[in-house]
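Take a look at the letters that make up each chain.
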Amino acid sequence: MDEKQAITIFTSKLARRLLKAGFTIIDIKPDKSDEDGKRTIFIFKYEDGIVEKMKELK
């Protein structure tokens, strides 16, 4: 069985809300698909309740 270890977030608004909710951020990287180089992606540790919290916050 393949267990997820990380989840990628593409908006700073959702990333900030997840951080405030106590979830762990692993890394911050530039979005390589952004030609202007302005966007960032946020990598969070896959923890219990993170998917449910994401649905709640949308």
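Once a new chain begins, its residue numbering starts again from 1 and follows that chain's sequence as written. Totals for whole chains, interfaces and linings use all residues, but because this is a predicted model, local features are given only for residues with pLDDT of at least 70 and pairs of side-chain atoms are given and counted only at 80 or more. Water and hydrogen atoms were dropped before computing side-chain values, which therefore reflect all heavy atoms in the structure.

Among the secondary structure elements, K58 is positioned in the segment after α2 (50-57). Residues K58 and L14, 44 residues apart in the sequence, show an inter-C-alpha distance of 7.6 Å. Counting from the N terminus, the helices are DSSP H or I runs at least four residues long and the strands are E runs at least two residues long.

The next thing to look at is the nonpolar core. Here the nonpolar core consists of buried residues drawn from Ala, Val, Leu, Ile, Met, Phe, Trp, Tyr and Cys, with membership extended through side-chain atoms lying within 4.5 Å. Per-residue accessibility, obtained with a 1.4 Å probe over protein chains only, is compared with the maximum for each type, and a residue is labelled buried under 20%, exposed over 50%, and partly exposed between these values. I7, I9, L14, A15, L18, F23, F42, F44, I50, M54 and L57 form the largest nonpolar core, which has 11 residues in total. Those elements giving two or more residues to this core turn out to be β1 (6-9), α1 (12-20), β3 (40-45) and α2. Contact definition: two residues touch when any of their heavy atoms are within 4.5 Å. When neighbours within four sequence positions are excluded, L57 is seen to be in contact with L14, R17 and L18.

What follows deals with the sheet that holds strand β2 (residues 25-30). Two strands pair under a simple rule: DSSP has to find at least two bridges between them. Strand order across the open sheet formed by 3 strands is β1-β3-β2, with antiparallel pairing between neighbours. Here the strands that pair on one side only, and so sit at the sheet edges, are β1 and β2. Direction aside, neighbouring strands of the sheet carry axes that sit 20 degrees apart on average. Note that β1 and β3 share 4 bridges and pair antiparallel. Lines fitted to the C-alpha atoms define the axes, with helices restricted to the stretch that makes contact. Angles between their N-to-C directions range from 0 to 180 degrees.

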